[in-house]
Amino acid sequence: MGIEKSISLLVFCILILRETFCDPVNGKIFLLGGATSDSSISIYNQLRLATNKEAPSIAVVISAAPSLADGLDAYNVNETGSLSYRDLFIRYGFQPTVLELAIDNYEVANSYETPLGRENIEKIQNADVVFFNGGDQSRHSRAWLKSDGSDTDIMTVLRSKFADGTVIAGTSAGMAVQGEYTFGAGRSYGYYYFNADLKFCNIGDEFEDDRDPSDIFRSGENGAYLQGFGFIQKILVDTHFDARGRFVRLIVAMRKIGVTLGFGVDENTVLYIENDTAAVYGEWGVWIIDTSEARIPDESRGSLYFSAENIRIHYLTEGDSYNLTSGNVFSTKPSIVEQETSIVINNNIFGLDQGLRTMKSLISSNSTASEGYSREEDPTCMVIFEKDEKTKGHIDDDDQYTVKDLLLHIQTKNNSTAESAAIMLYDMNIVKIGLLFALKTIILCLFD
């Protein structure tokens, strides 16, 4: 074998091994679900502790804001009931600085070739934490990545710092952009309705499904996805999770993008990942969604709407952790003693905190399943939570729940005539194709 072929084979093997065995996270990532209270002591203290320094430096990234001016206002100006980023981080013992990099100045702010770019890069080089703000993650990607998706100078430096131990933190859009892919816009019902037909965006595109400008429902309810930063591998993440009823949205996006593990972080909550351990801090919880053993029909089968069976769900709260290598959940909370209580039948399953409400009702009772429905009709999305022999529940004195290995199924309640007709037509076409193939085979045999 020639040396060039040997080298090519070696490179191919390395890529396969990296894809198969590399950890989802090789560093420290702080994923904040959004709407974090200024008084969330456990969250900000843990962020400081992650640096192993008493007064760590933090570089605040404002590139998800609509403009540089808006981002600087969020960094500098206190509002009623809300501290500026600068004063917030000073309160918790950080030494903050801000990167002047935004959607309207990125061309002169992210490279070594300009004075402002060099100034921003130096701030990254000196930071113990790099914190990405909330807003629109497509603006983050536009400011930090080139149009072809490759790294800008400032992103190259950030990757080096991350490998050396710098903590990357992000809230809302700043959290969502950290994966290989990021998605957004739309709601759970729209993702279900359009059956994983998300628009793919290029760097710099508007972050919405605008493929049919006349279809207001599609542009408002469906979503889009694009390349993220890739600090988290093989996992899709979503924010403001149960507050906005996003668990079906995440599952559908996972199907479209081709990953089987998803993290949904609630508001005022953080998932802190260090290498293969993910720990929860804050007021609410984190949904861990595993579709590796789920049954999800191919979208081409003729079904108009999304459906799935046997999705595994864990729900973790403060003090719980998840091992990314083994998939095990660890909790010190006491086990729940099931009671003979009525369960919630939820008619607005995508409403504020309704997914958790339905889960808690089931896990506390001796019932085996509970149902929830979208408030929209024709079609109505039906969600079923189900226990099996693996399912476990835990609760502490503060009524913080932990749920392990709950099953989730997504269906359409009373398939509409249109969907039934579509499925029937697809099946009839398959039969026709099979009959034609059989007839062709018989003819060939007769005249062979």
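That block above? That's the structure.
Definitions and cut-offs
Residues numbered from 1 in each chain as written. Predicted model: local features only at pLDDT ≥ 70, side-chain atom pairs only at ≥ 80, totals over all residues. Heavy atoms only, no water. Helix = DSSP H or I, 4+ residues; strand = E, 2+ residues; numbered from the N terminus. Buried < 20%, exposed > 50% of the residue type's maximum accessible area, 1.4 Å probe, protein only. Contact = heavy atoms within 4.5 Å. Areas by Shrake-Rupley, 256 points an atom, 1.4 Å probe, with all protein chains shown as cover. Polar contact = N/O pair within 3.5 Å; in protein donor to acceptor, adjacent residues only side chain to side chain. Pairing = 2+ DSSP bridges. Axes fitted to C-alpha atoms, helices over the stretch in contact; angles between N-to-C directions. Parallel < 35°, antiparallel > 145°, perpendicular 65-115°, else oblique. Nonpolar A, V, L, I, M, F, W, Y, C, P; charged D, E, K, R; others polar. Core = buried A, V, L, I, M, F, W, Y, C linked by side-chain atoms within 4.5 Å. Phe/Tyr/Trp six-rings, centres within 6.5 Å; stacked < 30°, edge-to-face > 60°.

Draft legend 1. Region of interest: the overall build of the protein chain. Along its length, the protein chain carries 13 helices and 20 strands. Of all 448 residues assigned to the protein chain, the portion counted as buried reaches 52%. Contacts in the protein chain between residues at least 24 apart in sequence constitute 72% of all its contacts with a sequence separation of at least 6. With the model as given, the accessible surface of the protein chain reaches about 20700 Å², and the carbon-plus-sulfur share is 52%.

Draft legend 2. Fine view of the side chain of Asn-268. Relative to the helices and strands, Asn-268 is located in the loop between β10 (261-265) and β11 (269-274). Within polar-contact distance, the side chain of Asn-268 engages the backbone nitrogen of Ser-37 at 2.9 Å. If sequence neighbours within four positions are ignored, Asn-268 has contacts with Gly-34, Ala-35, Thr-36, Ser-37, Ser-40, Ile-43, Gly-282, Glu-283 and Trp-284.

Draft legend 3. Expanded view of the environment of Asp-209. You can see Asp-209 is positioned in the loop between β7 (199-200) and α10 (216-221). What makes Asp-209 buried here is its relative accessible area of 0%. Note: C-alpha distance between Asp-209 and Lys-199 (10 residues apart in sequence) is 5.5 Å. Those residues in contact with Asp-209 that sit more than four places away from it in its chain are Asp-197, Lys-199, Arg-218, Ser-219, Asn-222, Gly-223 and Ala-224. Within the local environment of Asp-209, its side chain forms a polar contact with the side chain of Arg-218, the two groups lying 2.8 Å apart.

Draft legend 4. View of the sheet that holds β7. Pairing is mixed across the open sheet formed by three strands, whose spatial order is β6-β8-β7. Unpaired on one side and paired on the other, β6 (181-184) and β7 mark the two borders of the sheet. The sheet contact formed by β6 and strand β8 (residues 224-227) spans four bridges and is antiparallel. Within the sheet, the bridge partner assigned to Gly-184 lies in β8 and is Ala-224.

Draft legend 5. View of unusual backbone geometry. For the peptide bond that leads from Asp-378 to Pro-379, omega is 5°, which places it in the cis range. Along the chain, Pro-379 falls in the loop between β17 (369-373) and β18 (380-386). One non-glycine residue, Asn-52, adopts positive backbone phi at about 60°. Tracing the chain through its elements places Asn-52 in the loop between α2 (41-49) and β2 (57-61). Of note, the phi angle at Asp-405 is positive, near 55°, even though the residue is not glycine. Topologically, Asp-405 is positioned in strand β20 (residues 401-413).

Draft legend 6. Looking closely at the packing of helix α5 (residues 115-125) against helix α7 (residues 153-163). For the pair α5 and α7, interaxial distance at closest approach is 9 Å and the crossing angle is 10°. As the angle between them shows, α5 and α7 are arranged roughly parallel. Contacts between α5 and α7 involve Asn-120, Ile-121, Ile-124 and Gln-125 from the first element and Asp-153, Ile-154, Val-157, Leu-158 and Lys-161 from the second. In the contact of α5 with α7, the residues fall into five nonpolar, two polar and two charged.

Draft legend 7. Just the side chain of Thr-358, in detail. Turning to its location among the elements, Thr-358 is positioned in helix α12 (residues 354-363). Here Asn-346 takes part through its side chain, which lies 3.2 Å from a polar atom of the side chain of Thr-358. Once residues within four sequence positions are removed from consideration, Thr-358 is found in contact with Val-344, Asn-346, Ile-349, Ser-370, Glu-371 and Phe-385.

Draft legend 8. Local environment of the sheet that holds β2. What the nine strands build is an open sheet, ordered β3-β2-β4-β5-β1-β11-β12-β15-β16; its pairing is mixed. With partners counted over all chains shown, the strands left at the sheet margins are β3 (95-99) and β16 (329-330), one partner each. Where α5 meets the sheet, its contacts fall on β2, β3 and β4 (129-132), and the angle it forms with β3 comes to roughly 150°.

Draft legend 9. Just the nonpolar core, in detail. Ranked by internal contacts, the top residues of the largest apolar core, which has 48 residues, are Ile-29, Trp-144, Leu-158, Phe-263, Leu-271, Ile-273 and Tyr-322. Top contributing element to this core by residue count: α7, with five residues. Setting aside chain neighbours within four positions, we find Phe-263 in contact with Met-175, Ile-235, Leu-236, Val-237, Asp-238, Leu-250, Leu-271, Ile-273, Trp-287, Ile-288, Tyr-322 and Leu-324. Counting 43 residues, the second-largest nonpolar core is a separate cluster that includes Phe-241, Ala-253, Trp-287 and Cys-381.

Draft legend 10. Region of interest: the pairing of β17. In the sheet, β17 pairs with β18 via five bridges, with the strands oriented antiparallel. Paired with Gly-372 across the bridge in β18 is Val-383.

Draft legend 11. Up close: the packing of aromatic side chains. This model, assessed by the stated rule, comprises 28 aromatic pairs. Centroid distance Tyr-44 to Phe-89: 6.2 Å. Interplanar angle 85°. Geometry classified as edge-to-face. Of this pair, Tyr-44 sits in helix α2 while Phe-89 is found in helix α4 (residues 85-91), placing the two residues 45 residues apart along the sequence. When its relative accessible area of 5% is taken as the criterion, Tyr-44 is described as buried.

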